[in-house]
Amino acid sequence: MEQRLAGFIKAKDDMKPEKMMDYIYPKLFTIVSRDQVQATMKHLFFEDKDLKVGFDSLQIEKIFPIFEMDSARYAKVTYTMVTTLEYSALRDSIANKHIPVETGKINHTITTDRYPAPQLTLMQTLLAREYGTENVTADPTTGIIKIRSKT
């Protein structure tokens, strides 16, 4: 079990979606194909110009006893990790220090020390509802959001 976990962590650290597929619960691929999951991961990790997703600080908390089901062996693993989200729109709005509104009605200068970009504040608030305020941080100077999660 420890070898498989080490393999998964290495694939994650190396950002190798094709290797990460070997560690995903196989029955997931009856719902969505392996190729679709891999393509989505590649898009999020490497191709999406509007959103960069990263994973960091993966820590194994507990490995539960191994059990067998349908001739396969499994073990539940609880872990924590930090997911990093970097949206280009947030970064750009902070860099420009104005509120981008497509209608153009609101376009006044704001300062990040007294009033961070409203999109960043909104994203942080929405994510905090799901993960808890203590687990979501947003950097008002870069627009990078970090989410600490436990699975």
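These remarks concern the structure in this document. (Residues numbered from 1 in each chain as written. Predicted model: local features only at pLDDT ≥ 70, side-chain atom pairs only at ≥ 80, totals over all residues. Heavy atoms only, no water.)

## A word on helix H5 (residues 118–131)
Inference 1: For H5, which comprises 14 residues, the first-to-last C-alpha distance of 20 Å matches the rise-based estimate of 20 Å (1.5 Å per residue) to within 8%.
Inference 2: Within H5, the full set of buried residues consists of Leu120, Leu127 and Ala128. Down the axis of H5, the buried side of the element spans an arc of 110 degrees, and every buried residue falls inside it. Projecting away from the buried face of H5 at angles above 90 degrees are the exposed residues Arg129 and Glu130.
Inference 3: Looking at the residues trailing H5, positive phi occurs at Gly132, about 95 degrees. (Helix = DSSP H or I, 4+ residues; strand = E, 2+ residues; numbered from the N terminus. Expected span 1.5 Å × (residues − 1). Buried < 20%, exposed > 50% of the residue type's maximum accessible area, 1.4 Å probe, protein only. Arc of directions from axis to C-beta.)

## Description of the side chain of Ser149
Inference 1: Tracing the chain through its elements places Ser149 in strand S6 (residues 144–150).
Inference 2: For Ser149, the residues in contact, after removing those within four places along its chain, are Tyr79, Thr80, Met81 and Tyr131. (Contact = heavy atoms within 4.5 Å.)

## With respect to the sheet that holds S6
Inference 1: Read across the sheet, four strands follow the order S1-S4-S6-S5 without closing on themselves; strand pairing throughout is antiparallel. A strand with exactly one partner marks an edge of an open sheet, and here the two such strands are strand S1 (51–63) and strand S5 (136–138). Looking at each pair of strands side by side, their axes are set apart by 10 degrees on average, direction ignored.
Inference 2: Direction of pairing for S1 relative to strand S4 (residues 77–87): antiparallel, over a ladder of ten bridges. Bridge assignment links Ile60 to a residue of S4, and that residue is Tyr79.
Inference 3: Here H5 sits on the sheet and contacts S4, S5 and S6; the angle it forms with S5, its principal contact strand, is near 170 degrees. (Pairing = 2+ DSSP bridges. Axes fitted to C-alpha atoms, helices over the stretch in contact; angles between N-to-C directions.)

Structural measurements only, silent on function.
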